Amino acid sequence: MAIDADWDLNLFTSDPTLLERSPVTDYERAAEGLERIADPRRLRLLHALSVGEDTAQRAAVWAGLEQGFAERELAAMALAGILDRRDSPGGPLYAPRDGHLVVELHVALAHGRELRTDAHPRMLARRRAPVTIRGRRAG
């Protein structure tokens, strides 16, 4: 999928509230969401779905998993609200429920591909306004 270079895809400028402390319940729900996908085989299935493999059989082949396992796990993830499921003449079709899930997957894969000794991206430090005293810069 090509990304239009004109799009502003910065997560923090698109939702500035992400820079503020959230209510405790938000952290609890976030941890629950991560727990639901924190299995290497589930991540492989989600990756298969994110690249367009929409049936259990196709996702299983792409992910290198047994079809029976893929069918059970995809059905369970649909029941848990992680995936959307729709019926088709060829059987059920699955897709990630929202883009946040795909972003989580790709961030997790980026971490999985890096070694502890590799250089990692750093957050940009927020610049604070200079401290002034009666209109003059302090220091």
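The structure reproduced in this document is the subject of the present report. (Residues numbered from 1 in each chain as written. Predicted model: local features only at pLDDT ≥ 70, side-chain atom pairs only at ≥ 80, totals over all residues. Heavy atoms only, no water.)

**Side note on the nonpolar core**
Here is step 1: Counting residues in each nonpolar core, the largest one holds 20 residues, and the members touching the most others are L45, L46, L74, M77, I82 and L83.
Here is step 2: Counting residues per element, the ones that place at least two in this core are α3 (40-50), α4 (56-63), α5 (67-79) and α6 (99-113).
Here is step 3: With five residues, the top contributor of residues to this core is α5.
Here is step 4: With residues near it in sequence (within four places) discarded, L83 still touches L46, L49, L74, M77, A78, Y94, A95, P96 and R97. (Core = buried A, V, L, I, M, F, W, Y, C linked by side-chain atoms within 4.5 Å. Buried < 20%, exposed > 50% of the residue type's maximum accessible area, 1.4 Å probe, protein only. Helix = DSSP H or I, 4+ residues; strand = E, 2+ residues; numbered from the N terminus. Contact = heavy atoms within 4.5 Å.)

**Thoughts on the environment of R72**
Here is step 1: With respect to the helices and strands, R72 occurs in helix α5.
Here is step 2: Look at R72 and you get exposed, because its relative accessible area is 57%.
Here is step 3: Sequence spacing of R72 and A56 is 16 residues, and the spatial spacing of their C-alpha atoms is 8.9 Å.

**Remarks on the environment of R97**
Here is step 1: The residue R97 is located in the loop between β2 (93-96) and α6 in this model.
Here is step 2: The spacing of R97 and R85 is twelve residues in sequence and 8.9 Å in space, taken between C-alpha atoms.
Here is step 3: If we skip the residues at most four places from it in the chain, R97 touches G81, I82, L83 and D84.

**Concerning the side chain of E53**
Here is step 1: Among the secondary structure elements, E53 is positioned in the loop between α3 and α4.
Here is step 2: A polar contact of 2.8 Å, which involves the side chain of E53, links it to the side chain of R58.
Here is step 3: When sequence neighbours within four positions are dropped, the list of residues in contact with E53 reads A48, R58, A59 and W62. (Polar contact = N/O pair within 3.5 Å; in protein donor to acceptor, adjacent residues only side chain to side chain.)

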